Amino acid sequence: VKIMFLVNPAASSVTPRTRVVIQKALAADHEVVLAETIRRDHATRLAKQAVVDEFDVVVVLGGDGTLNEAANGLIKSQTALAVLPGGSTNVFARTLGLPDDPVEATGILLETMDKASPKSIGLGCVNGRYFLFHAGMGFDAAVVAEVEKRGRLKRYASHALFVYAAVDTWLRHYDRKRPAFRLKHSDGSVIPNSKFAICLNTDPYTYLGSRSLKLSSDAGLNQELVTISINSLSVNRMLGLVSAAIRGSTAFHNHSYIDYRSDVSSFVVEGHRPFPYQVDGDYLGEVTSLEFSYAPRVLELIMPNPELLGIPD
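Residues numbered from 1 in each chain as written. Predicted model: local features only at pLDDT ≥ 70, side-chain atom pairs only at ≥ 80, totals over all residues. Heavy atoms only, no water.

Engineer: Where do I start with the side chain of Asn90 in this structure?
Structural biologist: By the secondary structure assignment, Asn90 is in the loop between strand S4 (80–85) and helix H4 (91–95). Under the relative-accessibility criterion, Asn90 is labelled buried at 4%. Among the polar contacts listed, one links the side chain of Asn90 to the backbone nitrogen of Gly86, at a separation of 3.2 Å. Among the polar contacts listed, one links the side chain of Asn90 to the side chain of Asp100, at a separation of 3.2 Å. Residue contacts for Asn90: discarding those within four places in its chain leaves Gly62, Asp64, Pro85 and Asp100. (Helix = DSSP H or I, 4+ residues; strand = E, 2+ residues; numbered from the N terminus. Buried < 20%, exposed > 50% of the residue type's maximum accessible area, 1.4 Å probe, protein only. Polar contact = N/O pair within 3.5 Å; in protein donor to acceptor, adjacent residues only side chain to side chain. Contact = heavy atoms within 4.5 Å.)

Listed below in structure tokens is the structure:
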């Protein structure tokens, strides 16, 4: 198998030793070429080159942002994506059932490559950018923006930093009083006011330490999208939402200030004013409108535990 080993050397848990150990393990039975990212969006360009050069697999060692970039370079190609956890949270790798240790995950990945073919999976797409697990609008994107301002701390205190940034954003960096946007669904229905919305391609939404925040049992790589729109950022309701997510309870779907929908193929977000958004935990700035759609079978993925996401083996 011809492998591009794509590494983000700046990612939170990537060390020179880890990279060398993993590269040696991959090269034991396969042809391996190392490629390192040096700037934003570089992983997309490297992945596109891997397609041109007819690599079989791009193995990514980095965080969720690097993984998202690489996936966007492999869309609708025969070159498969393989995931190793190299970031601070590693949402997608953990959703696939991989351990947080990248060397341990490499052993599982190699075993999977020997035994099974890649699976074709569906992704969400927003304004032309594909996402693996979720996109967020409003409050959670503002939190991600605050985390990225303190990027150097992610290596040492990622989950504590996220909690601090969430509280700081709630107190000082986001307008909690006024709705930010409306959602227009393809069936003609409109959610006129929202302060915070999430579009899920998989579940959990994220992880806090060892705890997963589960928002939907309807999200999966072979199912259409899930949308959750929230029009209250009161402290009691937000804490209740987080508590329910940690417990895995979906009772919050029925609250009057929440609109929950599954099997969503497309929708549009229109801002009452410019609003922030993020994709797979990567802050992408402020916009006044977004167009979402579900794209089935657009990425080949090496999946160690396809049954976790309801994909036939």
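Engineer: I tried to follow the pattern of salt bridges on my own but got confused; where do I start?
Structural biologist: Proximity of charged atoms lets side chains of opposite charge pair with each other. If you walk through the whole model with that rule in mind, you get eleven salt bridges. The shortest N-O distance in the salt bridge between Asp175 and Arg273 comes to 3.9 Å. With Asp175 in the loop between helix H7 (154–173) and strand S8 (181–185) and Arg273 in strand S15 (residues 266–279), this residue pair connects regions lying 98 residues apart in the sequence. The partly exposed category is assigned to Asp175, whose relative accessible area is 27%. A salt bridge links Lys184 to Glu270; the shortest N-O distance between them is 3.4 Å. With Lys184 in strand S8 and Glu270 in strand S15, this residue pair connects regions lying 86 residues apart in the sequence. (Salt bridge = Lys/Arg side-chain N within 4 Å of Asp/Glu carboxyl O.)

Engineer: Looking at this structure, I do not really get the environment of Met303. What am I missing?
Structural biologist: If you trace the backbone, Met303 turns up in the segment after strand S16 (282–301). Along the backbone, Met303 and Ala82 are 221 residues apart, and their C-alpha atoms lie at a distance of 7.7 Å. Apart from the residues within four sequence positions on either side, Met303 is in contact with Leu96, Thr112, Lys119, Ile121, Leu221, Leu309 and Ile311.

Engineer: Would you explain the environment of Glu286 in this entry?
Structural biologist: With respect to the helices, strands and loops of the structure, Glu286 is situated in strand S16. Under the relative-accessibility criterion, Glu286 is labelled exposed at 53%. Taking C-alpha positions, Glu286 is 9.5 Å from Arg273, a pair spaced 13 residues apart along the chain. In this structure Glu286 touches Pro274, Phe275 and Pro276, once residues within four positions along its chain are discounted.

Engineer: What exactly am I supposed to notice about unusual backbone geometry here?
Structural biologist: Comment: phi is negative for the bulk of residues other than glycine, and the bulk of peptide bonds are trans. Residue Pro204 follows Asp203 across a cis peptide bond; omega there is 10 degrees. Along the chain, Pro204 falls in the loop between strand S10 (196–200) and strand S11 (206–208). Although it is not a glycine, Asp41 sits at a positive phi angle of roughly 70 degrees. Here Asp41 falls in the partly exposed class, since its relative accessible area comes to 40%. Residue Asn127 is not a glycine yet carries a positive backbone phi of 50 degrees. Checked against the element boundaries, Asn127 lands in the loop between strand S5 (119–126) and strand S6 (129–131).

Engineer: I'm lost on the packing of helix H1 (residues 16–27) against helix H5 (residues 102–115) in this one. Help?
Structural biologist: Two packed helices can be described by the angle between their axes and the distance between those axes. H5 packs onto H1 with a crossing angle of 15 degrees between their chain directions and a minimal axis gap of 10 Å. Relative to H5, H1 is oriented roughly parallel. Relative to H5, H1 is oriented so that their crossing is right-handed. Contacts from Thr18, Val21, Ile22, Ala25 and Leu26 in H1 reach Pro102, Val103, Thr106 and Leu110 in H5. A per-class count over the contact of H1 with H5 returns seven nonpolar, two polar and no charged. (Axes fitted to C-alpha atoms, helices over the stretch in contact; angles between N-to-C directions. Parallel < 35°, antiparallel > 145°, perpendicular 65-115°, else oblique. Left-handed = near helix turned anticlockwise from the far one by under 90°. Nonpolar A, V, L, I, M, F, W, Y, C, P; charged D, E, K, R; others polar.)

Engineer: I tried to follow the pairing of S15 on my own but got confused; where do I start?
Structural biologist: Successive residues of a regular strand alternate their side chains across the two faces of the sheet. Where strand S7 (residues 134–138) and S15 come together, three bridges link them in antiparallel fashion. When the bridges of S15 are listed, Ala135 appears paired with Val279. As judged from the nine bridges shared by S15 and S16, these two strands associate in the antiparallel manner. Among the inter-strand pairings, Pro276 is bridged to a residue of S16, identified as Glu286. Between S15 and S16, which pair antiparallel in sequence order, lie two residues; one of them, Asp280, sits at a positive phi of approximately 50 degrees. (Pairing = 2+ DSSP bridges.)

Engineer: Would you mind showing me how to read the environment of Ile108 here?
Structural biologist: Along the chain, Ile108 falls in helix H5. It is 9.9 Å that separates the C-alpha atoms of Ile108 and Asn305, two residues lying 197 residues apart in sequence.

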